[in-house]
Amino acid sequence: MGMDEMFGWKEKSPQIAHRSVERSGAFDGGLAAQTQGLMAGTRVASNLGWRSVEALAVGDTVLTFDHGMQQIIEIRRRVVWIDAAQGRAGLPVVVPAGALDNRTELTLLPDQGVLVDCDAAQDMYGDPFAVVPASALDGVRGIHRAAPFQELEIIAIYFARDEVIYAEGGALVHCPATTIALDQFLAADAATYDLLGTSDAAFIAECLMREDQILASVGRVSGAAAAYC
């Protein structure tokens, strides 16, 4: 059985070139901050098909965007209660079905990295794909904040290096490596994903909305022309 049939895809998702880390700047060698992870119940593409993230175990393999099937080397779980009284900034981000090519509604932590396809990213970084925090997409394609009514179980899965995985169909979420080895950091061909800062991520989100508006306008014009003919 091929991947398209296993995961219910009509065609393969686009592949992108490996990214290289910057050689300049300080290296702290520390653990990746636990600001990422998926809510229990979120399904990801694995060697066993679509599996709820809480059902995965160390040693299982998951389909990644750049590197095919990759083995999970660590899983971290925690239960959190998010208090709406603490302010909007800490609220989860709700992604309606279809907003990021996800088949069903998806809820993400505000700092969870999401890989998006945007023409502006190509102009700015030479790559049409960029990783932005989910919070930056608030207001794009119906994506919004919402306070949960119960405790949330967060499951963070880790690989030997940074990866992007498929969630709920076509949504692409970033999974940072547990640690960054110095030799990997210095390697010219080391693949990594840089989470954009607040201002750059906001710019990408604005460009996504403008691109959607342009596509909608073109669709209306095409529809009107077809009706006229």
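- You'll find the chain entered in an unreviewed UniProt entry as Hint domain-containing protein, with Sulfitobacter brevis given as the organism.

A short note on the pattern of salt bridges
- Across all of its chains, the model carries 8 salt bridges by this definition.
- Among the salt bridges present, the one from R76 reaches E74, with a minimum N-O distance of 2.9 Å.
- Given a relative accessible area of 27%, E74 falls into the partly exposed group.
- For the salt bridge of R77 with E153, the shortest nitrogen-to-oxygen distance reads 3.7 Å. Here E153 lies in strand β12 (residues 152-158) and R77 lies in strand β6 (residues 74-80), a separation of 76 residues in the sequence.
- On the accessibility criterion, R77 (43% relative accessible area) is partly exposed.
- A residue is classified by how much of its surface remains accessible, and E153, at 32% relative accessible area, is partly exposed.
- A cluster of three or more residues bridged by salt bridges with shared partners is formed by R88, D138 and R145.

A look at the environment of P110
- Among the secondary structure elements, P110 is positioned in the loop between β8 (106-108) and β9 (113-117).
- Overall, P110 belongs to the buried group, its relative accessible area being 10%.
- Aside from chain neighbours lying at most four places away, what touches P110 is A89, G90, L91, P92, V93, P133, A134, S135 and R145.

Points about the packing of aromatic side chains
- Taken as a whole and judged by the stated rule, the model has 2 aromatic pairs.
- Geometrically, the ring pair formed by F65 and F129 is edge-to-face, given 5.4 Å between the ring centres and 65° between the ring planes. Separated by 64 residues along the polypeptide, F65 in the loop between β4 (61-64) and β5 (68-71) and F129 in strand β10 (residues 129-133) bring together distant segments of the chain. Accessibility assignment for this pair places F65 and F129 in one class, buried.
- Here the aromatic cluster, defined as three or more aromatic residues joined through ring pairs, consists of F65, F129 and Y166.

Side note on the side chain of Q36
- Along the polypeptide, Q36 turns up in the loop between α1 (3-7) and β1 (38-39).
- Taking the relative accessible area as the measure of exposure, Q36 reaches 4% and is therefore buried.
- A distance of 3.2 Å separates the side chain of Q36 from the side chain of Y158, its partner in a polar contact.

Quick word on unusual backbone geometry
- Phi at R141 is positive, roughly 55°, even though this residue is not glycine.
- If you trace the backbone, R141 turns up in the loop between β10 and β11 (144-145).
- You can call R141 partly exposed: its relative accessible area is 38%.
- Non-glycine residue E168 carries a positive phi angle of around 50°.
- Residue position: E168 is located in the loop between β13 (163-167) and β14 (171-175).

A few points about the side chain of Q112
- Within the secondary structure, Q112 sits in the loop between β8 and β9.
- For Q112, a relative accessible area of 1% corresponds to the buried category.
- One polar contact links the side chain of Q112 to the main-chain carbonyl oxygen of H174, over a distance of 2.7 Å.
- In contact with Q112, not counting residues within four places along its chain, are T35, Q36, G37, V132, P133, A134, V173 and H174.

About the cut-offs
- Residues numbered from 1 in each chain as written.
- Predicted model: local features only at pLDDT ≥ 70, side-chain atom pairs only at ≥ 80, totals over all residues.
- Heavy atoms only, no water.
- Salt bridge = Lys/Arg side-chain N within 4 Å of Asp/Glu carboxyl O.
- Buried < 20%, exposed > 50% of the residue type's maximum accessible area, 1.4 Å probe, protein only.
- Helix = DSSP H or I, 4+ residues; strand = E, 2+ residues; numbered from the N terminus.
- Contact = heavy atoms within 4.5 Å.
- Phe/Tyr/Trp six-rings, centres within 6.5 Å; stacked < 30°, edge-to-face > 60°.
- Polar contact = N/O pair within 3.5 Å; in protein donor to acceptor, adjacent residues only side chain to side chain.

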